[in-house]
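Analysis of the macromolecular model
The chain contents come next:
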Amino acid sequence: MTRVFQMGDRELTRLRVMIDIADGRLTVDAAATLTGLGRRQI
């Protein structure tokens, strides 16, 4: 059985940012700025 998850725009943006961090294309500081979160939350 296939499950479908729906995500809002903010959640998709956060997911893309986390993928970019994991791939080394983005720093934690830049990610915090883009998402509006603190460094520790990232």
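To keep things clear, this report deals only with the structure shown in the data block. Residue numbering note: each chain is counted from 1, following its sequence as written. In keeping with the predicted nature of the model, local features appear solely for residues at pLDDT of at least 70, side-chain atom pairs appear and are counted solely at 80 or more, and the whole-chain, interface and lining totals rest on all residues. In computing side-chain properties, one takes all heavy atoms of the structure into account and sets aside hydrogens as well as water.

Quick look at the overall build of the protein now. Within the protein, the secondary structure is distributed over 2 helices and 0 strands. Structurally, the protein occupies a C-alpha span of about 40 × 20 × 15 Å along its principal axes. Out of the 42 residues belonging to the protein, those deemed buried represent 10%. Total accessible area computed for the protein in this model is approximately 3800 Å², and 51% of it derives from carbon and sulfur atoms. Secondary structure elements are taken from DSSP: a helix is a run of H or I of four residues or more, a strand is a run of E of two residues or more, and numbering for both begins at the N terminus. The cut-offs for exposure are 20% and 50% of the maximum accessible area for each residue type, with area from a 1.4 Å probe on protein chains only; residues under the lower value are buried, those over the upper are exposed, and the others partly exposed. Calculation of accessible area relied on Shrake-Rupley with a 1.4 Å probe; when residues are assessed, cover is drawn exclusively from the protein chains displayed.

Before going further, it helps to examine helix H2 (residues 28-35). Taken together, the buried positions of H2 are occupied by Ala31, Ala32 and Thr35. Considered in projection along H2, the buried side chains sweep an arc of 100° and stay on one side of the axis. Among the exposed residues of H2, those pointing more than 90 degrees away from its buried face are Thr33 and Leu34. Lining the buried residues of H2 we find helix H1 (9-22). Within two residues after H2, glycine 36 carries a phi angle of roughly 80°, on the positive side. The arc refers to the directions leading from the helix axis to the C-beta atoms. Contact definition: two residues touch when any of their heavy atoms are within 4.5 Å.

This part takes up the side chain of threonine 35. Within the secondary structure, threonine 35 is located in helix H2. Polar contacts, as counted here, are pairs of nitrogen or oxygen atoms within 3.5 Å of one another; within protein the pair requires one atom able to donate a hydrogen and one able to accept it, and residues that are adjacent in sequence qualify only if both atoms are side-chain atoms. In terms of polar contacts, threonine 35 uses its side chain to reach the backbone amide nitrogen of leucine 37, at 3.4 Å. Residues within four places of threonine 35 in sequence aside, it is in contact with Arg14, Val17 and Ile42.

Within the fold, arginine 16 resides in helix H1. Put simply, arginine 16 and glycine 36 are 20 residues apart on the chain and 14 Å apart in space, counted from C-alpha to C-alpha.

Turning next to the packing of H1 against H2. Geometry of a packed helix pair, given as the angle between the helix axes and the separation of the axes. For every element, the axis is a line fit to its C-alpha atoms; helices are fit only across the contacting stretch, and the angle between N-to-C directions ranges from 0 to 180 degrees. One way to put it is that H1 packs onto H2 with a least axis distance of 10 Å and a crossing angle of 175°. The orientation of H1 with respect to H2, classified from their angle, is roughly antiparallel. Across the interface between the two elements, Arg14, Val17 and Ile21 from H1 touch Ala31, Leu34 and Thr35 from H2. We call Asp, Glu, Lys and Arg charged. Ala, Val, Leu, Ile, Met, Phe, Trp, Tyr, Cys and Pro are nonpolar, and the rest, Gly among them, are polar. Grouping the amino acids of the contact of H1 with H2 by side-chain chemistry returns 4 nonpolar, 1 polar and 1 charged. If an angle is under 35 degrees, it is roughly parallel; if it is over 145, roughly antiparallel; if it lies from 65 to 115, roughly perpendicular; otherwise it is oblique.

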